[in-house]
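# Architecture at a glance
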Amino acid sequence: MERTRCYSSLCSCCYFFIGRAFLMLLGVLFISTRGFSATVTCNVNNSYPAWTTLNTPFELNIGQVNAAKNANMTVGAGVADYTVLYTISQVNVGNLGETCSTTSGLYMYYTMLSAHGAVLNTIGNDAIYPTSVPGIGISIKTAYLLSNRPIKLYPEGQVWNSVVNGQGYWVAITIWKVPGTIPVSAGSISFTGPTLAPVIMGSGVTFTSSDQNRILDGGKAWINGSRVLTGTLMIQPTTCDLVMPNTTVQMGTHDGGGRGDSAWKDASFKLSCSNAYGYGGSLSSIDGYNSPNGVASASTLSANSVKNNPIRIQIQPYTPVIDATSGILALDGTGAEGYGIQLAWGDATTQNSGVPANPVQLNAWTSANSLNSAYSSSAYAIGASAISGTADGTIKMAARYIRTSGDIVAGPANAAVEVLANYE
């Protein structure tokens with residue numbers, strides 16, 4: 001570029017630029033943000049009628065597939081929350097069967113259409129949700145080609161693949177102990193889990209269908225089929241029962257003479273405990289397309305891997321405790337005064353007249369094995385009986401009146417205790 005200088009008196013310092021001109025345009029640049037959008041119509045492909053039904057119960061068949069292997073569990077209150085109770089792997093819960101006006105830009109997703117509450121916890125790749133039964137939770141992950149991705153409530157989904165008719169959906173399912181008390185009784189506990197579904201979605205796509213029940217969220221997704229997960233856990237209680245419940249011990253009469261303590265009376269009891277089945281078993285099913293409404297009959301079970309710890313016993317008084325360490329509890333206040341009742345482990349005929357050698361520690365756990373060697377001192381083998389063979393499982397305990405404090409008042413002298421016994 002050249003320049004020349006002007007010496008005009010009217011312009012003492014003027015510069016003229018001669019040559020190329022530069023033009024600067026100032027303003028706002030408008031760019032269109034209109035994205036891709038399309039309407040896609042999807043309907044069921046009748047080649048897959050069993051797989052494409054909606055809200056079909058899907059029985060997990062825990063412990064019912066292979067009768068030769070025991071899938072019972074013994075689960076007690078001592079099992080920590082977020083402990084794995086059972087796992088089920090390689091379960092096919094869906095098979096894509098669709099006829100869409102186009103499949104371009106469409107993808108298959110795993111998702112939950114409903115659950116029994118919000119996610120309780122996330123541990124690793126497991127998003128744990130409640131079931132219909134207190135204390136029992138469930139998590140579901142993708143399996144087979146797309147493994148270990150947590151499946152959550154819609155609209156959260158795990159993309160599986162581009163849309164391909166006949167594509168199966170495999171999942172891995174874990175049953176958990178979660179906060180809450182499992183209503184354990186001898187036998188089965190049935191639960192209902194989330195509703196699981198493979199759905200089709202696509203960016204900017206709005207779905208229509210002849211079946212409006214398959215349209216989600218105003219057309220953002222199309223449901224191929226849905227499965228309501230159900231299961232039955234064969235849970236045995238870890239709490240033992242008394243062979244003779246509501247037992248009355250006749251304490252006899254006592255004249256309050258001498259030192260004030262009566263003779264020892266037999267207050268022994270015998271326990272009835274379920275077998276120690278443990279927990280942590282598994283079920284594997286990979287019979288790909290032959291089980292649209294439940295786990296395949298070709299599935300296999302694996303034994304439980306976590307053993308039950310030894311049985312423990314606790315004596316809980318219904319009346320106030322006078323001396324927990326010495327096993328002394330108060331009377332119920334309906335008559336006699338100045339006395340309590342003392343409990344001691346062992347045969348009544350061999351107790352000391354003075355301080356007992358092994359007083360019951362009230363409201364404290366005691367190993368059953370320390371009271372009767374027929375009970376195990378270590379973790380039970382899976383499926384083992386609570387006591388060895390035909391051994392007598394009686395727990396010897398003795399009771400007597402004992403002088404406490406205050407004036408002696410004659411009258412009925414009653415008290416009651418509850419015996420708690422369970423696997424640790």
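What counts as what
- Residues numbered from 1 in each chain as written.
- Predicted model: local features only at pLDDT ≥ 70, side-chain atom pairs only at ≥ 80, totals over all residues.
- Heavy atoms only, no water.
- Helix = DSSP H or I, 4+ residues; strand = E, 2+ residues; numbered from the N terminus.
- Buried < 20%, exposed > 50% of the residue type's maximum accessible area, 1.4 Å probe, protein only.
- Contact = heavy atoms within 4.5 Å.
- Areas by Shrake-Rupley, 256 points an atom, 1.4 Å probe, with all protein chains shown as cover.
- Pairing = 2+ DSSP bridges.
- Salt bridge = Lys/Arg side-chain N within 4 Å of Asp/Glu carboxyl O.
- Axes fitted to C-alpha atoms, helices over the stretch in contact; angles between N-to-C directions.
- Polar contact = N/O pair within 3.5 Å; in protein donor to acceptor, adjacent residues only side chain to side chain.
- pLDDT = per-residue confidence, 0-100.
- Core = buried A, V, L, I, M, F, W, Y, C linked by side-chain atoms within 4.5 Å.
- Disulfide = S-S within 2.5 Å.

Before going further, it helps to spend a moment on the overall build of the protein. Counting its secondary structure elements, the protein contains zero helices and 31 strands. Residues counted as buried form 45% of the 424 residues belonging to the protein. Contacts in the protein between residues far apart in sequence, at least 24 positions, make up 78% of those at least 6 positions apart. Surface summary for the protein: the accessible area is close to 21,300 Å², and the carbon and sulfur share equals 51%.

Below, the discussion takes up the sheet that holds strand 25 (residues 321-323). As summarised here, the arrangement of the five strands in space is 20-30-27-26-25, forming an open sheet in which the pairing is antiparallel. Either end of the sheet is taken by a strand with one partner, and the two such strands are strand 20 (265-266) and strand 25. Sheet analysis places strand 26 (residues 328-330) next to strand 27 (residues 339-345), joined by three bridges and oriented antiparallel. For Ala330, the partnering residue across the bridge sits in strand 27 and is Gly340.

With that out of the way, let us pick up the pattern of salt bridges. Summed over all chains, the structure comprises five salt bridges. Between Glu156 and Lys152 there is a salt bridge whose closest N-O contact spans 4.0 Å. Among the residues examined, Lys152 registers a relative accessible area of 25% and is labelled partly exposed.

Across the junction of Tyr154 and Pro155, the peptide omega takes the value 15°, indicating a cis bond. Here Pro155 is to be found in the loop between strand 11 (136-142) and strand 12 (158-162). One non-glycine residue, Asn246, lies in the positive phi region at around 55°. Counting through the fold element by element, Asn246 comes out in the loop between strand 19 (241-242) and strand 20.

Read across the open sheet, the seven strands follow the order 9-10-11-13-6-22-23; overall the sheet is mixed. Strands at the two margins of the open sheet, each flanked by one partner only, are strand 9 (121-123) and strand 23 (300-302). Within this sheet the neighbouring strands show an average axis-to-axis angle of 25°, counted without direction. Pairing of strand 10 (residues 126-130) with strand 11, which is carried by three bridges, proceeds in the antiparallel orientation. Within strand 11, the residue paired with Pro130 across the bridge is Gly137.

Attention now moves to the environment of Asp266. Following the sequence through the fold, Asp266 ends up in strand 20. The spatial distance from the C-alpha of Asp266 to the C-alpha of Arg400 is 9.0 Å, given a sequence separation of 134 residues. Once residues within four sequence positions are removed from consideration, Asp266 is found in contact with Val249, Ala348 and Met397. In terms of polar contacts, Asp266 uses its side chain to reach the side chain of Ser268, at 2.6 Å.

Turning next to the confidence of the model for the protein. Averaged over every residue, the pLDDT of the protein is 84; residues scoring 70 or more account for 86%. Segment residues 1-36: pLDDT under 50, and 19 contacts once partners within four positions in sequence are set aside and those in other chains are kept. In the model, residues 65-70 has pLDDT below 50 throughout and makes seven contacts with residues more than four positions away in sequence or in other chains.

Core analysis: the largest hydrophobic core is formed by 48 residues, its most contacted members being Ile140, Val171, Ile173, Ile175 and Phe207. Ranked by residue count, the leading element in this core is strand 6 (residues 83-95), at five residues. In this structure Ile175 touches Ile62, Thr83, Val84, Leu85, Tyr86, Ile136, Gly137, Ile138, Phe191 and Leu233, once residues within four positions along its chain are discounted. With 32 residues, the next largest nonpolar core counts Cys273, Ile315, Ala336 and Val360 among its residues.

Turning our attention to the pairing of strand 3 (residues 38-44). On any regular strand, side chains alternate: one points to one face of the sheet, the next to the other face. Strand direction decides the pairing type here: strand 3 and strand 15 (residues 205-208), joined by four bridges, are parallel. By the bridge assignment, Thr39 is partnered in strand 15 with Thr206. Taken together, the three bridges between strand 3 and strand 7 (residues 98-100) define a ladder with antiparallel strand orientation. Bridge pairing in strand 7 links Val44 to Glu98.

With that settled, the discussion passes to the state of the cysteines. A complete count under the given rule lists two disulfides for this structure. Covalent S-S linkage joins Cys42 and Cys100, the inter-sulfur distance amounting to 2.0 Å. Around the S-S axis, the bridge from Cys42 to Cys100 shows a dihedral of about 110° and counts as right-handed. Residue Cys42 is located in strand 3, and its partner Cys100 is located in strand 7; the two are separated by 58 residues in the primary sequence. Take Cys42 and Cys100: they sit in the same class, and that class is buried. Each disulfide pairs two cysteine sulfurs, and for Cys240 the partner residue is Cys273, the sulfurs being separated by 2.0 Å.

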